[in-house]
Amino acid sequence: MGKHSSKKRKNRHGQSNQDRKATSSSGVILSPPPLPQLDVPAFRLAINSNGNESDDLKMQNPKKKPKKEKQVVRDAPEFCVSPAKLKRVIRVSDLQELVLWLLADGVASQWLLVKRKQDIRKAVVVMVPGLDMALLDGTVDLTSVDEPVDEDIGEVVRRENGGSNSTAIAQGEPMDDSLAGCDVEEGEVMEKDMPVEEVKWTVVGNKKYPDAKPFSFYPSMLAGRSLAPCLTPLRNIFTHVWPTKTDGDDKYNKIHSPISHFLNCPIDKKAPSNLPKHRSTSRIGITQLLMTPEELYDNEYPMHSSVLRRMRQEQGATEESQDDMKERERLKEEGWVETEVTGMENDTHNEAGSITEGRKIYSIDCEMCITEAGPELTRISVIGWDGNVVYDTLVKPDRPIVDYLTQFSGITKEKLESVATTLSDVQSHLLQLFQPAHRIILVGQSLNSDLKALKFMHPFIVDTSLIYDHSRGKPYKPSLKWLSMKYLKREIQKGQHIDPGTKKMEPGHDSIEDAVACIDLVKLKLEKGLAFGSAEVHTESIFSRLERGYLSQGNRHGLCWSAVVDHGNPAMLYTHAKKTVACQNDKDVVNGIQEALHWQPVPKHSSTADPRAIMAERGEISFVWARLRELEILRGWDNANRQQKQLDESSAIPPMPPTPHDPPAKVLAKKVAETVSRLQSIYKALPLNTAFIVYSGTGDPREMGRLYALQRKFREEYRVRKWDELSVKWTDDEQQALNRAVKRTREGGLSFMTVKVDEEQAEA
């Protein structure tokens, strides 16, 4: 350092130059003047975890604000509307795609945004026919004079149940975090030329969306609707109602089944080669088309004793029960007979490579009339494998005939006057013809009704209504007339036929013609293979798709199993579901959903078994489809569906349905309240992070069903009568009315959707 440095130099005693000047000549050190008091911030000793003062000193700045502790908040799964991408009304197929995306490898839905999709582990879908938009918009009266309508309409969506995160669009409210992912641009308005005063608007941030037509496909808030008291509890679960359209064909006025269209999905490109679309079309043997004991039972066939014995053995029973013995005695007293099936164990005869496999195949078709006791046999025709008539005779009923059903059967009073053949004569002839019985296979269209008229039981049946699929899928069955036209290019059941005896044109069907069509359809199926005539060639069950797609995402927790909870016997229709629950009423459906969600199979393999076999048993019920039907039955919607099903399965003219109408308001409101209460019970029992979807399927189908029956009656009469003799006439006015009814049915459906989450997560 230089000599002109401004720093003080110190001697070896540590004294500076100024200190030395302050020392007297005698060597006494003079005291320096006192220093001024400095304003030093106070020190605070840190307290350790034991409550003692720590050695670490920390200085606190009084002007600095204390830091806020960071709270780690995990967002809850949530459905958010995507207004910018919602271009049309959602359909039932869109709901199916949503489930496939949530649980498997489906394509992401563009009309709905899902927050934290990876946290959604289960999905429960409930179909509620009868719960349509007409109930929510006030078209159908649900209030009596002493029950005021709920007029408390809020402008802001409020979750009355903190545990429900539903679709969120707030009316007149700035965009919240639930819509942060929506593509909403500030200052942009849809349809600017449309005057605001002519339409209601939903405001999301600074963007407006019209609620009314022509934008009626937008979801509307339940809080912004005037709901009947029986419907207001829906606000505790859902925030929005979505108008939902049923899939169909606009050109031909066709509506696809909302059940089969949801539970059957197109086969994707990633499907393995063993799926139906790649199934072999090589010819098969006749035994591959035989009905199983379960199919015989579920389709109400008379049960042969050998079939009952086989079912008992599968259940572990070795002896015939007392109930079975009593039932067999009762049938014998009523005149029932059955074939003697013996020698099956020692039968080694098999024609290798033959489609008949050494069996004798006969096709049967019967005609009936109405007596005082109900339907009875009036004619039977049996056709051999070569298409020739083996047995054809008229039968004299034991009881007086009330209706000959001439327009269908072709039987008249004159034809039966000289007939002496009785039912017992026919039974004896068939027992002699069908020998040996264990090598006889009977073929027919819905043969259960023919066998009941014959009071005849045989275990080996091929039903053409089951080996071919309806165009709308199961549970519908195709009619013989439709099958013959589509696959044989042959028109049958034209309302009149040529009598083989008189060679004259006579009204009604020809049982020989129908039986020949059945045998030809079976031959075609055997030659073309199992895939021929099957609706599953281009589709697969959603249950199979979920199970396959769940593993394709790299899931190691096991398989994604599915369950079906429905009225009747769902095990017959939904064979790909891991679990099925048969129900008698809607209360059973609610309990069945809870049972399915907590169901676990009994392990079949030990710890030393093949790991692949153990993996195949690991899984959980992740998808449940259920149906509540009591509201549908009360409103008569099931009658319309049943009439349409009869039109598809039968060529007979159905009775004209009455003009549709709903029950009294009090009765209907009570049933709606019960249905809504059951939805609340289902929601309450759901595990956390479960998607809950409710859809109605269609709008009101009753007027459409009435007009379809009217059209069918006109077509049947027009073939055999002159225009002036028709009891029903079909003009352009009726056709336009049918078009409008079909449109209302397709567009009258609705759906709700939400995700059940923890209340604390929802509030956060």
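Relevant structure appears above.
Scoring rules and cut-offs
- Residues numbered from 1 in each chain as written.
- Predicted model: local features only at pLDDT ≥ 70, side-chain atom pairs only at ≥ 80, totals over all residues.
- Heavy atoms only, no water.
- Phe/Tyr/Trp six-rings, centres within 6.5 Å; stacked < 30°, edge-to-face > 60°.
- Helix = DSSP H or I, 4+ residues; strand = E, 2+ residues; numbered from the N terminus.
- Buried < 20%, exposed > 50% of the residue type's maximum accessible area, 1.4 Å probe, protein only.
- Lys NZ or Arg CZ within 6 Å of the ring centre and 35° of its normal.
- Contact = heavy atoms within 4.5 Å.
- Expected span 1.5 Å × (residues − 1).
- Polar contact = N/O pair within 3.5 Å; in protein donor to acceptor, adjacent residues only side chain to side chain.
- Salt bridge = Lys/Arg side-chain N within 4 Å of Asp/Glu carboxyl O.

Caption draft 1: A look at the packing of aromatic side chains. Counted according to the given criterion, the structure contains 16 aromatic pairs. Arranged with centres 6.2 Å apart and planes meeting at 50°, the rings of Tyr-574 and Trp-625 form a pair that is tilted. Here Trp-625 lies in strand β28 (residues 619–627) and Tyr-574 lies in the loop between α16 (570–573) and β27 (579–583), a separation of 51 residues in the sequence. Of the two residues, Tyr-574 and Trp-625, neither departs from the other in class, the shared state being buried. Aromatic rings pair up to connect Phe-238, Tyr-683, Phe-692 and Phe-752 into one cluster. Geometry around Trp-561 places Lys-578 over its ring, the cationic atom sitting 4.7 Å from the centre.

Caption draft 2: Quick peek at the environment of Gly-748. Secondary-structure assignment places Gly-748 in the loop between α23 (732–747) and β30 (749–756). On the basis of relative accessible area, Gly-748 is assigned to the buried category, the value being 15%. The residues touching Gly-748, leaving out its near neighbours within four places in the chain, are Asp-132, Met-133, Thr-698 and Gly-699.

Caption draft 3: A look at helix α14 (residues 511–528). Taking 1.5 Å as the rise per residue, α14 with 18 residues should run 26 Å; its terminal C-alpha atoms sit 26 Å apart, in good agreement. Of all 18 residues in α14, 13 are buried, a share of seventy percent or more. N-capping of α14 is provided by Asp-510, with a side-chain oxygen placed 3.2 Å from the backbone N of Ile-512. Positive phi shows up at Gly-529, right after α14, with a value of about 105°.

Caption draft 4: A look at the environment of Lys-579. With respect to the secondary-structure elements, Lys-579 resides in strand β27. Once the C-alpha coordinates of Lys-579 and Ser-562 are considered, the two residues, 17 residues apart in sequence, prove to be 6.6 Å apart. Only 3.3 Å separates the side chain of Lys-579 from the side chain of Glu-595, close enough to count as a polar contact.

Caption draft 5: Representation of the pattern of salt bridges within the structure. All told, the structure shown has 21 salt bridges when counted by the stated rule. Measuring nitrogen to oxygen at the nearest pair gives 2.7 Å for the salt bridge that ties Arg-330 to Glu-334. Glu-334 sits in the partly exposed class, given a relative accessible area of 39%. Put simply, Asp-132, Arg-635, Asp-662, Asp-700 and Arg-702 are held in one network by salt bridges that share partners.

Caption draft 6: Layout of the side chain of Arg-627. Summarising the element assignment, Arg-627 is placed in strand β28. For Arg-627, a relative accessible area of 11% translates into the label buried. Polar side-chain contacts of Arg-627 include one of 2.8 Å to the side chain of Asp-566. When neighbours within four sequence positions are excluded, Arg-627 is seen to be in contact with Met-127, Pro-129, Ile-259, Val-565, Asp-566, His-567 and Val-589.

These figures come from the coordinates and say nothing about function on their own.
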